[in-house]
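# Summary of structural features
Listed below, chain by chain, are the residues.
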Amino acid sequence: MAAMLLRGLQPCGRLCRWSSPFLQLLALTAVTFVVLAPLTCHRLLHSYYYMRRWYLNPMSQDFLQQNQEDGLRALRYFERLRVNNASEPPPGEARRTGLLITIITVQRHPEFHYVLQVASRFHSLLRQCGAPCQRHQILLCNVEADPGTHADAQLLAGFFGVANRYGSRQAPEPSLNQFEKEKRDYAYCLEKSLRDYDPEHVLLVEDDAVPEDEIFPVLNHLLQDRFSKPHLRDALYVKLYHPERLQRYLNPEPMRILEWLGVGMLGGSLLGFAYAWAAGRPGPSWPVTLFFALYSMLLVELVGRHYLLELRRLAPPLYNVVPATECCTPAMLFSAPSARRALGYLKKLRCQSGFAKDMALYSLLRTKGERAFVVEPNLVRHVGMFSSLRVNINPKLL
């Protein structure tokens, strides 16, 4: 009986020796996912390891304070410009507008100066961009019911063209629900942009979507090179923002599964060869390669796909353009023909709770046979924590 017991323990003896690949890879898994990843990722907002109970409230308060300081800096930016009498040239003096940046704004929480943050950043980046952005212009579309009460919009009227949706001759319909009003305001700003500026492209930006530093180099690359392809050129719209919390692989967006498998194939091959080299073997076996493929896929998902996407910011050609999903509309790029199609579609739809303008636009892809795309990583940051549609007295980052 003792001999039988010893024979039964022999396989375990081989597996349990430190030289065993099984034990080595098991130890690597435990150290990575139980020790190293939690220690390094517990403060990463978009990681599964994020300690929400510990950090969400203080991080949200810090973000609000920083946002308020950014708003004051933006206010000082335009006050300095006003002292220096620096304004934008009126529309129509130059060649046809290439890209019109239309900022849709409504008065809310004036202490954050949301629209000033967005406008100051676009203005500064346009100045840095130079010759490639000479045909870009900025339009402010004020959809406040009483436009004169929107102090920040009044300030910006000295620097950019302004379109007021409402005024003494027109007021919002009292019986209109907020979601339908938002859709109609959106359509008005898009139509006004086309009619007054005749642009080749319109970038509709909400007043809490601050552009990233590289937005114009990336847009110039996309418009000149990538969007010349028929399937991209004819798209109904291109989103420049998708919420980070929805960028994970384990989401109902199957087009990411191929990317996730690609991460596994690349990670499995590279780590497999590194392991074989460290172990003094000529090459990895297929079980080892498969292990490292699954290891890489799990690691990227748990740490956060958002942080992997950030590596694409190294150069404009690295940015990805993939099929769009329904949420959200902080920054939407339309070509002139696609903007006219979208306007025709939106006028026939009625929005309500549960069917806002982002879902209305997305529904057109199925009902009208249109296509839409999203650029990854995001080209704007969504800094507004207070919605114009829903009351939120204690906003959180997540």
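Details of the structure are given in the entry above.
First, a word on scope: everything that follows refers to the structure included in this document. (Residues numbered from 1 in each chain as written. Predicted model: local features only at pLDDT ≥ 70, side-chain atom pairs only at ≥ 80, totals over all residues. Heavy atoms only, no water.)

## Focus on the nonpolar core
Quick reminder of the rule: As used here, the term nonpolar core means buried Ala, Val, Leu, Ile, Met, Phe, Trp, Tyr and Cys residues forming a set that is joined through side-chain atoms within 4.5 Å. Only protein chains enter the calculation, and the probe is 1.4 Å; a residue is then buried if its accessible area is under 20% of its type maximum, exposed if over 50%, and partly exposed in between. Numbered from the N terminus, helices here are DSSP runs of H or I no shorter than four residues, and strands are runs of E no shorter than two. Any two residues whose heavy atoms approach within 4.5 Å at even a single point are treated as in contact.
Phe78, Ile101, Phe122, Leu203, Ile215 and Phe216 are the most contacted members of the largest nonpolar core, which has 53 residues in total. Broken down by element, the residue count for this core peaks at 9 residues, all from helix H4 (residues 114-129). When residues no more than four places from it in sequence are discounted, the contact partners of isoleucine 101 are Phe122, Leu126, Gln137, Ile138, Leu139, Leu203, Val205 and Phe216. Judged by nonpolar contacts, the second largest core, of 36 residues, contains Leu139, Ala163, Leu364 and Leu365.

## A word on the environment of leucine 308
Within the element layout of this structure, leucine 308 appears in helix H11 (residues 305-309). Leucine 308 gets classed as partly exposed once you look at its relative accessible area, which sits at 30%. Sequence-wise, leucine 308 and proline 377 are 69 residues apart; in three dimensions their C-alpha atoms are separated by 9.3 Å. Apart from residues lying up to four places away in sequence, leucine 308 is in contact with Tyr249, Val263 and Val300.

## Examining the packing of helix H9 (residues 255-279) against helix H10 (residues 286-303)
Note the following rule: Structural elements are reduced to axes, namely lines fitted to C-alpha atoms, with helices fitted over the stretch in contact, and the angle between N-to-C directions of any two is expressed from 0 to 180 degrees. Each angle gets one of four labels, with under 35 degrees taken as roughly parallel, over 145 as roughly antiparallel, 65 to 115 as roughly perpendicular, and the rest as oblique. Two helices that cross are described as forming a left-handed crossing if the nearer one is turned anticlockwise from the farther one by less than a right angle, and a right-handed crossing if clockwise. Nonpolar residues are Ala, Val, Leu, Ile, Met, Phe, Trp, Tyr, Cys and Pro. Charged residues are Asp, Glu, Lys and Arg, and all others, Gly as well, are polar.
Between H9 and H10, the shortest axis-to-axis distance is 7 Å and the interhelical angle comes to 125°. Comparing their axes, H10 and H9 come out oblique. Like other packed secondary-structure pairs, H9 and H10 cross with a definite hand, here right-handed. Only Val288, Thr289, Phe292, Ala293, Tyr295, Ser296, Met297, Val300 and Glu301 of H10 make contact with H9, whose side of the interface consists of Trp260, Leu261, Val263, Gly264, Gly267, Gly268, Ser269, Leu271, Gly272 and Tyr275. Split by residue class, the contact of H9 with H10 holds 11 nonpolar, 7 polar and 1 charged.

## A closer look at the state of the cysteines
Note the threshold: Any two cysteine sulfur atoms lying within 2.5 Å of each other are counted as a disulfide.
Inspection of every chain in the model, using the stated rule, returns 3 disulfides. Each disulfide pairs two cysteine sulfurs, and for cysteine 129 the partner residue is cysteine 133, the sulfurs being separated by 1.9 Å. With the S-S dihedral at roughly 65°, the linkage between cysteine 129 and cysteine 133 falls on the right-handed side. Note on accessibility: cysteine 129 and cysteine 133 belong to one class, buried. Shown here is the disulfide that connects cysteine 141 with cysteine 189, its sulfur atoms set 2.0 Å apart. Where cysteine 141 bonds to cysteine 189 through sulfur, the torsion about that S-S bond is close to -85°, and the disulfide is left-handed. In this pair, cysteine 141 is assigned in strand S2 (residues 136-142) and cysteine 189 in helix H6 (residues 178-197), connecting sequence segments 48 residues apart. The pair formed by cysteine 141 and cysteine 189 is uniform in burial state, with each residue classed as buried. Cysteine pairing for the protein, with bonded cysteines counted in sequence order: 1-2, 3-4, 5-6.

## Quick word on the side chain of threonine 329
The line we're drawing: Here a polar contact means two N or O atoms within 3.5 Å. Within protein one must be a hydrogen donor candidate and the other an acceptor candidate, and residues neighboring in sequence count only if both atoms are side-chain atoms.
With respect to the helices and strands, the residue threonine 329 is situated in the loop between strand S7 (320-323) and strand S8 (331-335). Given a relative accessible area of 5%, threonine 329 falls into the buried group. Side-chain polar atoms of threonine 329 contact the side chain of lysine 357, separated by 3.0 Å. Contact partners of threonine 329, with chain neighbours within four places excluded, come to Tyr186, Glu206, Lys357, Asp358 and Leu361.

## Topic: H4
Each full turn of the α-helix corresponds to 3.6 residues, which orients residues three or four apart in the same direction. The line we're drawing: Given the number of residues in a helix, its expected span is that number minus one, multiplied by 1.5 Å.
Given a rise of 1.5 Å per residue, 16 residues ought to cover 22 Å, and the 23 Å separating the end C-alpha atoms of H4 matches this to within 8%. Burial of H4 is extensive: 13 of the 16 residues sit out of reach of the surface. Once H4 ends, the next one or two residues include glycine 130, with phi positive near 75°.

## Side note on unusual backbone geometry
In the segment running from cysteine 327 into cysteine 328, the intervening peptide bond is cis, with an omega of 15°. Tracing the backbone through its elements, the reader meets cysteine 328 in the loop between S7 and S8. With an omega of -5°, the peptide bond between glutamate 376 and proline 377 qualifies as cis. With respect to the helices and strands, the residue proline 377 is situated in the loop between strand S9 (372-376) and strand S10 (380-382). We note that histidine 109 has phi near 40°; this positive angle belongs to a residue other than glycine. Turning to its location among the elements, histidine 109 is positioned in the loop between strand S1 (99-105) and H4.

## Some thoughts on the packing of aromatic side chains
Given two aromatic rings, their pairing is described by the distance between the two centres and the angle made by the two planes. To keep things clear, this is the line we draw: Pairing of aromatic rings covers Phe, Tyr and the six-membered ring of Trp, with a centre-to-centre limit of 6.5 Å; geometry is then stacked below 30 degrees between planes, edge-to-face above 60, and tilted otherwise. Counted as over-ring charges are cases with an Arg CZ or a Lys NZ within 6 Å of the ring centre that also lie within 35 degrees of the ring normal.
The full count for this structure, using the stated rule, is 15 aromatic pairs. Ring geometry for phenylalanine 33 against tyrosine 295: centres 5.5 Å apart, planes inclined by 70°, an arrangement best described as edge-to-face. In this pair, phenylalanine 33 sits in helix H2 (residues 21-41) while tyrosine 295 sits in helix H10, placing the two residues 262 residues apart along the sequence. In this structure, phenylalanine 33 and tyrosine 295 share a single accessibility class: buried. Judged by centre distance (6.1 Å) and plane angle (85°), the ring pair of phenylalanine 78 and phenylalanine 160 falls under edge-to-face. Remark: phenylalanine 160 occurs in the loop between helix H5 (151-156) and strand S3 (161-164) and phenylalanine 78 occurs in helix H3 (residues 52-83); sequence separation between them is 82 residues. Exposure remark for phenylalanine 78: the relative accessible area of 0% places this residue in the buried category. Cluster of aromatic residues (ring-pair linked, three or more members): Phe33, Tyr275, Phe291, Phe292 and Tyr295. Looking at arginine 248, its charged tip hangs above the ring of tyrosine 48, at a distance of 4.2 Å from the centre. Over the face of the ring belonging to tyrosine 249 we find arginine 305, whose NZ or CZ atom lies 5.3 Å from the ring centre.

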